[in-house]
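Commentary on secondary and tertiary structure
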Amino acid sequence: CCVDSNGNFVGNYCEELTDNKANIITYYRKHFYLTKRVEKDGNIDDTRIMDIGSVFSMSLANQYRSLQYPDYIGAIFEEFLTADNYVVDEPNKLLNLVSTIKRSRKDFTLFMLANTISKINPYVEDWGLTKFRSQKPGTIDFYRLPKENGDYFLISCEYLKDREDSKNDSKL
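No experiment lies behind these values; they were computed from the predicted model shown.

Quick word on the pairing of strand 5 (residues 43-54)
- Where strand 4 (residues 31-40) and strand 5 come together, 10 bridges link them in antiparallel fashion. Bridging from a neighbouring strand, phenylalanine 32 pairs with glycine 53 of strand 5.
- Adjacent in sequence and paired antiparallel, strand 4 and strand 5 are bridged by 2 residues, among which aspartate 41 carries a positive phi angle near 55°.

Below you can see the structure in the form of structure tokens.
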């Protein structure tokens, strides 16, 4: 399920996780699927095995509020730290969207991924994520973001070390 810098699939993670029922992840009409790909005589046959995720747009977050998501146990928010192009009141809209999806479940995890860090990012300001300026590679900093009910969101920010095999690879 992993792809190298040339777009080739590497490893056999999907096979291991699905007992060889799927070997890749595909994307079709705003959904990600575990998929069994079979190549034979120059033809490719993809059979979608299981829907494993949906794509949401932050600019349309209010449209998702009345829907139910009983099977969702987590979310991935890709590129939440960019240099620009934020939705107005984006951190609040994200929290509202997460609240809509998770409802009262405790077994929900939100992963927020980013390649860059910016001081002008609204998440840094709104959530007080200030320790990143001095954070060292290979460390995890924790923050508590209070909720209105007295509870809190636990936020952990991990600064990953560079992979040794990618330091000299400009394609990664």
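Now that the structure has been shown, the text picks up again.
Some details on the layout of surface pockets
- As a volume, the second largest pocket reaches approximately 950 Å³.
- Lining the second largest pocket are 27 residues, and of these Gly53, Ser54, Gly74, Ala75 and Ile76 lie nearest its centre.
- Sorting the residues of the lining of the second largest pocket by element identifies strand 5, strand 6 (74-78), helix 2 (90-102) and strand 7 (109-113) as the ones contributing at least two each.
- Considering only residue class, the lining of the second largest pocket consists of 19 nonpolar, 4 polar and 4 charged.

Looking at the nonpolar core
- Membership of the largest hydrophobic core comes to 17 residues, with the highest contact counts inside it found for Met58, Phe77, Leu94, Tyr123, Trp127 and Ile155.
- Mapped onto this core, the elements with two or more residues apiece are helix 2, helix 3 (122-127) and strand 8 (139-146).
- In terms of residue count, the dominant contributor to this core is helix 2 (5 residues).
- Contacts of isoleucine 155, omitting those with residues within four sequence positions, involve Trp127, Leu129, Asp141, Phe142, Tyr143 and Leu145.

Considering the packing of aromatic side chains
- For the structure on display, the rule yields 7 aromatic pairs.
- For the ring pair phenylalanine 56 and tyrosine 64, a centre distance of 4.6 Å and an interplane angle of 85° mean the geometry is edge-to-face.
- A relative accessible area of 14% means that tyrosine 64 is categorised as buried.
- Relative to tyrosine 69, the ring of phenylalanine 56 has its centre 5.6 Å away and its plane inclined at 70°; by these criteria the two rings are edge-to-face. On the criterion of sequence distance, the pair formed by phenylalanine 56 in the loop between strand 5 and strand 6 and tyrosine 69 in the loop between strand 5 and strand 6 is long-range, its members being 13 residues apart.
- With relative accessibility at 24%, the residue phenylalanine 56 sits in the partly exposed group.
- Through pairs of rings, three or more aromatic residues link up here, namely Phe56, Tyr64, Tyr69 and Tyr72.

Considerations on the side chain of glutamine 135
- Mapped onto the elements, glutamine 135 comes out in the loop between helix 3 and strand 8.
- Within the structure, glutamine 135 has its side chain in polar contact with the backbone oxygen of threonine 139 (distance 3.0 Å).
- In this view, glutamine 135 contacts Ile140, Asp141, Cys157, Glu158 and Tyr159; residues no more than four positions away in its chain are not counted.

A look at the sheet that holds strand 5
- What the 3 strands build is an open sheet, ordered 3-4-5; its pairing is antiparallel. Lying at the two open borders of the sheet, with one neighbouring strand each, are strand 3 (24-28) and strand 5. With strand direction ignored, the average angle separating the axes of adjacent strands in the sheet is 40°.

The rules behind the values
Residues numbered from 1 in each chain as written. Predicted model: local features only at pLDDT ≥ 70, side-chain atom pairs only at ≥ 80, totals over all residues. Heavy atoms only, no water. Pairing = 2+ DSSP bridges. Helix = DSSP H or I, 4+ residues; strand = E, 2+ residues; numbered from the N terminus. 1 Å grid on protein atoms, 1.4 Å probe; cavity = no way out; pocket = protein on both sides within 12 Å on 5 of 7 lines; lining within 4 Å. Points joined across faces, edges and corners; volume = space filled by probe spheres on them. Nonpolar A, V, L, I, M, F, W, Y, C, P; charged D, E, K, R; others polar. Core = buried A, V, L, I, M, F, W, Y, C linked by side-chain atoms within 4.5 Å. Buried < 20%, exposed > 50% of the residue type's maximum accessible area, 1.4 Å probe, protein only. Contact = heavy atoms within 4.5 Å. Phe/Tyr/Trp six-rings, centres within 6.5 Å; stacked < 30°, edge-to-face > 60°. Polar contact = N/O pair within 3.5 Å; in protein donor to acceptor, adjacent residues only side chain to side chain. Axes fitted to C-alpha atoms, helices over the stretch in contact; angles between N-to-C directions.

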